[in-house]
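# Coordinate analysis (summary)
What follows is each chain in one-letter form.
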Amino acid sequence: MIENLTRATSAESISDGPGSVITLLTDTPELTCNTASFEVGAAGAPVHFHTKATEFFHVTDGVLDVLVGDEIHTLTKGDFISVAPGVKHAFAPAAGHTAEVFVGFTPGMARFDYYRLLGRVRAGEATVQDIIDSQPVYDNHYAESEAWAGRPRNAEA
């Protein structure tokens, strides 16, 4: 029995920033999954952590930088990494590269509305303060990292 089926032709896609598209796949209490497509120079996700969910990343193409704690890991096509609850992390395409990534959370956390909020901010229909106010709702808590702030972002490949 199929519990959830999302066809590529009907999946909802959201632009959450310049050069960044999130495609929504499934959002259940057990599992939230999406893909993220990043062009060269896209900002990616800022430093944050989740208190309840493990987040995982599988790079399907390109090169992705992932901050875990205070260490940056550079992942290439086929690489996988998971981040435990409470551990600060961030991700973006490595300098000079694009990246295609399968992203998941377990347990799920009704996260699609968070992505839609990001899209509304990009469209000028919501504010950054709305995102800040949503941190406890979507278990997405922002943090800081000197390592992430100092990483190269726009070098040529």
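For the structure itself, look to the data block above.
A short tour of the structure in this document, coming up. These numbers come from a predicted model, not from an experiment. (Residues numbered from 1 in each chain as written. Predicted model: local features only at pLDDT ≥ 70, side-chain atom pairs only at ≥ 80, totals over all residues. Heavy atoms only, no water.)

### Considerations on unusual backbone geometry
- For the peptide bond that leads from Thr 106 to Pro 107, omega is -5°, which places it in the cis range.
- Relative to the helices and strands, Pro 107 resides in the loop between strand 9 (99–106) and helix 1 (112–122).
- Although it is not a glycine, Ala 110 sits at a positive phi angle of roughly 45°.
- With respect to the helices, strands and loops of the structure, Ala 110 is situated in the loop between strand 9 and helix 1.
- The backbone of Asp 139 sits at a positive phi, close to 50°, despite the residue not being glycine.
- With respect to the element layout, Asp 139 can be found in the loop between helix 3 (135–138) and strand 10 (141–142).
- Here Asp 139 falls in the buried class, since its relative accessible area comes to 5%. (Helix = DSSP H or I, 4+ residues; strand = E, 2+ residues; numbered from the N terminus. Buried < 20%, exposed > 50% of the residue type's maximum accessible area, 1.4 Å probe, protein only.)

### Observations concerning the nonpolar core
- One finds Phe 38, Phe 57, Leu 64, Val 66, Phe 91, Val 101 and Tyr 115 to be the most contacted residues of the largest nonpolar core, which totals 29 residues.
- Listing elements by their share of this core, those giving two or more residues are strand 2 (20–27), strand 3 (32–38), strand 5 (54–68), strand 7 (80–83), strand 9 and helix 1.
- With five residues, helix 1 is the largest single contributor of residues to this core.
- Among all residues touching Phe 57, those that are not within four sequence positions of it are Val 66, Asp 79, Phe 80, Ile 81, Val 83, His 89, Phe 91, Val 101, Phe 102 and Val 103.
- In this structure, Val 47, Ala 90, Ala 92 and Trp 148 belong to the second largest nonpolar core, which totals five residues. (Core = buried A, V, L, I, M, F, W, Y, C linked by side-chain atoms within 4.5 Å. Contact = heavy atoms within 4.5 Å.)

### Focus: the layout of surface pockets
- In this structure, the largest pocket occupies an estimated 450 Å³ of space.
- For the largest pocket, the lining is made up of 27 residues, of which Asp 16, Gly 44, Ala 45, Pro 46 and Leu 118 are closest to its centre.
- Listing elements by their share of the lining of the largest pocket, those giving two or more residues are strand 1 (13–17), strand 2, strand 3, strand 4 (45–49), strand 9, helix 1 and helix 2 (128–133). (1 Å grid on protein atoms, 1.4 Å probe; cavity = no way out; pocket = protein on both sides within 12 Å on 5 of 7 lines; lining within 4 Å. Points joined across faces, edges and corners; volume = space filled by probe spheres on them.)

### A few points about the pattern of salt bridges
- Applying the stated criterion to the full structure yields four salt bridges.
- Here Asp 70 and Lys 88 are joined by a salt bridge, their closest N and O atoms 3.1 Å apart. Of this pair, Asp 70 sits in the loop between strand 5 and strand 6 (71–76) while Lys 88 is found in the loop between strand 7 and strand 8 (89–93), placing the two residues 18 residues apart along the sequence.
- Looking at Asp 70, the relative accessible area reads 59%, which means it is exposed. (Salt bridge = Lys/Arg side-chain N within 4 Å of Asp/Glu carboxyl O.)

Any link to function would need more than the numbers given here.
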